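Residue-level structure breakdown
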Amino acid sequence: MKLLLVAATEPEISPFIRHIAQNWKSPVANIYTNGNSEIHICLTGVGLVATTYAVTKALKIGQYDFVLQAGVGGSFDRSIELGQLVMVQSEEFGDLGAEDRNNYLDIFDMGLLQPNEHPFTDGKLDTPLHEIPFPFKLLTVSGLSINTVSGRESTIALRNQRFGAQVESMEGAALHYVCLQENIPFAQIRAISNYVEPRDKSKWKMKEAIIALNKWLIDFSSTL
Ligand SMILES: O=C(O)c1cccc(C(=O)CC[C@H]2O[C@@H](n3cnc4c(=O)[nH]cnc43)[C@H](O)[C@@H]2O)c1
């Protein structure tokens, strides 16, 4: 199995990198091998543009069996606990569109794209679940990707009502879009660091989310 592990920032997966650096061989920087298994680390930078660029470039250079995006994220859904791990099965672009007075129009409403035009299905970027090489113990959720984090009551209400997604990130849809276009199996795992609410970082559980995410990554790598 040759895996491309994608993360926006190094701190999100640094415990995993430390683990693998100690337990696997590293013939080249950011590449780790163990028998027939190979993990390449791709740190993209934050956001949809940076992720699209970095993942597309990585897929041009290397051939991978699977792409895994790992990171933290916010949750609209209060039944998901802070620190909980989820697999984001479907993605939407949350701020690619137009404002029309008090309404928001997405690219489908605007007639710029058809909802079932590849790589979209009903306007969403779905993960083909049968291609995932790990058991389904994680909660499967819907995701929204944005350039500007939802942090104002009116934005949160509008995005909630318009999309009804359970979680939010700044990169997920880019990963889904590129991998669906390139026809390569992928999954997006997020640990919930905060609820989507008016910005208050004192309530965030970033440390707990990173610990949970990295524990899962270490367990997953031991199954490869
Ligand atoms: O300072 C802020 O307001 C702030 C807001 C969101 C994220 C950050 C980070 O430092 C982490 C960047 C990373 O985290 C993901 N993330 C985490 N929570 C959310 C969220 O509620 N909405 C969107 N993205 C979130 C994101 O994917 C970034 O890569 C700081």
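- Going by the annotation in an unreviewed UniProt entry, the name recorded for the protein is Futalosine hydrolase, with Taibaiella soli given as the source organism.
- Of the protein, the UniProt comment under Sequence similarities (unreviewed entry) reads exactly: "Belongs to the PNP/UDP phosphorylase family. Futalosine hydrolase subfamily."

1. Notes on the pattern of salt bridges
- Under the defined criterion, the tally for this structure stands at eight salt bridges.
- In this structure, Asp106 and Arg162 form a salt bridge, with 2.7 Å as the shortest nitrogen-oxygen distance. Of this pair, Asp106 sits in strand S8 (residues 103-106) while Arg162 sits in helix H3 (residues 153-163), and the two are 56 residues apart along the sequence.
- Since its relative accessible area comes to 8%, Asp106 is described here as buried.
- For Arg162, a relative accessible area of 26% puts it in the partly exposed group.
- A salt bridge links Glu171 to Arg190, with the nearest nitrogen and oxygen atoms 3.5 Å apart. Residue Glu171 is located in the loop between strand S11 (167-169) and helix H4 (172-182), and its partner Arg190 is located in strand S12 (residues 186-195); the two are separated by 19 residues in the primary sequence.
- Residue Glu171 is classed as buried on the basis of its relative accessible area of 6%.
- Taken together, the shared-partner salt bridges connect Arg78, Glu197 and Lys203 into one network.

2. Describing the environment of Ser79
- Looking at the element boundaries, Ser79 is found in the loop between strand S5 (66-75) and strand S6 (85-93).
- By relative accessible area, Ser79 is classed as exposed at 61%.
- At 2.7 Å, the side chain of Ser79 forms a polar contact with the side chain of Asp77.

3. A closer look at the site of the ligand
- The immediate surroundings of the ligand are formed by 16 residues, with Glu168, Met170, Glu171, Asn194 and Arg199 found nearest.
- At 3.0 Å from an oxygen atom of the ligand is found a main-chain nitrogen or oxygen belonging to Met170.
- Measuring from a nitrogen atom of the ligand, one finds a side-chain N or O atom of Asn194 at 2.8 Å.
- When isolated, the ligand has an accessible area of 560 Å², and the protein chains bury 85% of it.
- Broken down by secondary-structure element, the contributors of at least two residues to the shell around the ligand are S5, S11 and S12.
- Across the shell around the ligand, the residue classes tally to six nonpolar, five polar and five charged.

4. What about the environment of Asp77?
- In this structure, Asp77 sits in the loop between S5 and S6.
- Between the C-alpha atoms of Asp77 and Asn160, which are 83 residues apart in sequence, the distance is 9.8 Å.
- Once residues lying within four places of it in the same chain are set aside, the contact partners of Asp77 are Gln166 and Tyr195.

5. Comments concerning the packing of aromatic side chains
- Applying the stated criterion across every chain, the model contains eight aromatic pairs.
- Seen in terms of ring centroids, Phe134 and Phe220 are 5.4 Å apart; in terms of plane orientation they differ by 80 degrees. Their pairing is edge-to-face. Residue Phe134 is found in the loop between strand S9 (125-126) and strand S10 (139-145), and its partner Phe220 is found in helix H5 (residues 206-222); the two are separated by 86 residues along the sequence.
- Classification of Phe134 by relative accessible area gives buried; the value is 8%.

6. Some points on unusual backbone geometry
- Pro119 follows His118 through a cis peptide bond whose omega is 10 degrees.
- If you trace the backbone, Pro119 turns up in the loop between S8 and S9.
- Even without a glycine there, the phi angle at Asn30 is positive, about 70 degrees.
- Among the residues examined, Asn30 registers a relative accessible area of 44% and is labelled partly exposed.
- A positive phi is found at Asn183, a non-glycine position, where the angle reads about 55 degrees.
- Among the structural elements, Asn183 can be located in the loop between H4 and S12.

Definitions and cut-offs
Residues numbered from 1 in each chain as written. Predicted model: local features only at pLDDT ≥ 70, side-chain atom pairs only at ≥ 80, totals over all residues. Heavy atoms only, no water. UniProt positions renumbered as here; feature names shortened; annotations may be inferred. Salt bridge = Lys/Arg side-chain N within 4 Å of Asp/Glu carboxyl O. Helix = DSSP H or I, 4+ residues; strand = E, 2+ residues; numbered from the N terminus. Buried < 20%, exposed > 50% of the residue type's maximum accessible area, 1.4 Å probe, protein only. Polar contact = N/O pair within 3.5 Å; in protein donor to acceptor, adjacent residues only side chain to side chain. Near = heavy atom within 4 Å. Areas by Shrake-Rupley, 256 points an atom, 1.4 Å probe, with all protein chains shown as cover. Nonpolar A, V, L, I, M, F, W, Y, C, P; charged D, E, K, R; others polar. Contact = heavy atoms within 4.5 Å. Phe/Tyr/Trp six-rings, centres within 6.5 Å; stacked < 30°, edge-to-face > 60°.

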